[in-house]
Amino acid sequence: MQVNTDSLLKFADNAVEEMTHRNFEIIGVYLRGSVALAETPLLGGAADIDLVFIHNQPPEIHREIQRITDDVHLDIAHHDQKDYLDRRALRVDPWMGPGLFNAKVLFDPQHFVDFTLASVRGMFDRPDNVIQRARALAVDARQTWRVLEKPSTVQEYQFIGTYLETINLAANALARLVGEPLTSRRFVPEFEKRVARLDRPGMVAGLLGLLGAPQVDLETLHHWVAAWDMNFSALAGELRPVNLHSDRRNYFLRHFVTQLTTEHPEYILWPLIQTWTQMVAAAPQERAVFQKWFETCHHLGLLGDAVEERIAGLDAYLEQVEDVIEAWAHDQGV
């Protein structure tokens, strides 16, 4: 079967129809992410379909993965309707706001979602609301960075996780000025597009430098993808976080393999290191199993003698992010 945007939408409609049938707890469902935006949702032939189910009471689970084919799955979030009652707050929420702004309603018998979307979309692009979303993430990035500079006894995977989260918040702070949140597989290429719109293309090289991209070549990346795949496949089911569900292997792996054939194979570093670090965090007692991850992080300068330099470099990068945001605010008169 050939998978395209139309077939992905059909998968979404079928799933919603089945899951809402005679389930009176669900009051609304909307589609978000690349399928809702119709922006080439398939990478390497694999895709996820991001659905949000709104319940009239606190849901028992908050996220689940449902397989459709080897290369397509549903990524379902379950929310309490109370999360949607403060609609003005949703408008300036840097994570939920953009997803709602571009949402596609799939189930809404009481018009709860329609009413929420109308409120969120009203004045969503007004500069004072845009800058509020961006500044919130920049503040969070700075607070997270301060954790890195404090002496501590955290494990290596905890340090790397915090380091990556700081970069994630900083990059998304800029992305919010001109678009949706950055997703894992598209993180670097989408960031490249956003900073180009801000006339700050040099921010991409800075981000890649923080990830250690100048230290890698194509052959090394191929070896790392193979090691990542071995660790992903070996991770015990009971230890897997939802993001590393076994049905998401092709979702990541097919993207890695495809990206390695492009002129920018180093763009896989973000999803590769991010998800690999999550594996280590899920099974920290298996240090020997993840030896290749340790070697990779040392190679990238994320562990070892280069760490202090990286923390300082991240500090300088955050200052640049803050400067771009404030320059944008000044230009917009806010």
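Just so you know, the residues in each chain are numbered from 1, in the order the chain's sequence is written. For this predicted model, a pLDDT threshold of at least 70 governs which residues receive local features, and a threshold of 80 or more governs which side-chain atom pairs are given and counted, while totals over whole chains, interfaces and linings are taken from all residues. By convention in this description, side-chain values take in all heavy atoms of the structure and omit both hydrogens and water.

### Let's talk about the pattern of salt bridges
Here's step 1: Just to be clear on terms, a salt bridge is a Lys or Arg side-chain nitrogen sitting within 4 Å of an Asp or Glu carboxyl oxygen. Applying the stated criterion across every chain, the model contains 14 salt bridges.
Here's step 2: Taking the shortest distance from any N to any O, the salt bridge between glutamate 156 and arginine 287 comes out at 3.2 Å. Taken together, the residues span a long stretch of sequence, with glutamate 156 in helix H7 (residues 156–175) and arginine 287 in the loop between helix H12 (269–282) and helix H13 (291–299) at a distance of 131 residues.
Here's step 3: Note on arginine 287: relative accessible area 41%, which makes it partly exposed.
Here's step 4: Between arginine 194 and glutamate 190 there is a salt bridge, with the nearest N and O atoms lying 3.7 Å from each other. Note that arginine 194 and glutamate 190 are positioned in helix H8 (residues 187–197) at a spacing of four residues, about one turn of the helix. Here the two residues arginine 194 and glutamate 190 agree in accessibility, since each one is buried.
Here's step 5: Salt bridges here are not isolated pairs; linked through shared partners, they connect Asp48, Arg63, Asp75 and Arg248. Only DSSP runs of H or I covering at least 4 residues are called helices, and only runs of E covering at least 2 are called strands; the numbering of each starts at the N terminus. Note on classification: 1.4 Å probe, protein chains only; a residue is buried when its accessible area is under 20% of the maximum for its type, exposed when over 50%, partly exposed between these limits.

### Section: H13
Here's step 1: Listing the buried residues of H13 in full gives Trp293, Phe294, Thr296 and Cys297. Across the axial projection of H13, the buried residues extend over an arc of 160°, all falling on one side.
Here's step 2: In this fold, the buried residues of H13 make contact with H7, helix H10 (218–234) and H12.
Here's step 3: One or two positions beyond H13, positive phi appears at glycine 301, with a value near 80°. The arc in question is traced by the directions running from the helix axis to the C-beta atoms. We call two residues in contact when some of their heavy atoms are within 4.5 Å.

### Things to note about the packing of helix H6 (residues 127–149) against H7
Here's step 1: To get an axis, fit a line to the C-alpha atoms, keeping to the stretch in contact for a helix; angles then go from 0 to 180 degrees between the N-to-C directions. Close contact between H6 and H7 brings their axes to 8 Å; oriented N to C, the two are set at 160°. Our classification of the angle between H6 and H7 gives roughly antiparallel. When you trace H6 past H7, the crossing you get is left-handed. Between H6 and H7, the residues in contact are Ala134, Leu137, Ala138, Asp140, Ala141, Thr144, Trp145, Val147 and Leu148 and Phe159, Thr162, Tyr163, Glu165, Thr166, Leu169, Ala170, Asn172 and Ala173, respectively. Working definition: roughly parallel below 35 degrees, roughly antiparallel above 145 degrees, roughly perpendicular at 65 to 115 degrees, and oblique for all remaining angles. For any helix crossing, the convention is left-handed if the near helix is rotated counterclockwise from the far helix by under a right angle, and right-handed if that rotation is clockwise.

### A word on the environment of tryptophan 328
Here's step 1: Structurally, the position occupied by tryptophan 328 is in helix H14 (residues 307–332).
Here's step 2: Overall, tryptophan 328 belongs to the buried group, its relative accessible area being 15%.
Here's step 3: Sequence separation of tryptophan 328 and threonine 5 is 323 residues, and the distance between their C-alpha atoms is 35 Å.

### So, the sheet that holds strand S4 (residues 72–80)
Here's step 1: We treat two strands as partners when DSSP finds at least two bridges between them. With mixed pairing, the five strands of this open sheet are ordered in space as S3-S4-S2-S1-S5. Two strands lie at the open edges of the sheet, namely strand S3 (63–67) and strand S5 (104–107), each paired on one side alone. Each neighbouring strand pair of the sheet contributes to a mean axis angle of 30°, computed without reference to strand direction.
Here's step 2: Relative to strand S2 (residues 47–55), strand S1 (residues 26–32) is paired through six bridges, and the arrangement is antiparallel. Looking at S2, one finds that arginine 32 is bridged to aspartate 50.
Here's step 3: On the sheet, helix H1 (residues 5–20) packs against S1, S2, S3, S4 and S5 and is oriented at approximately 30° with respect to S2.

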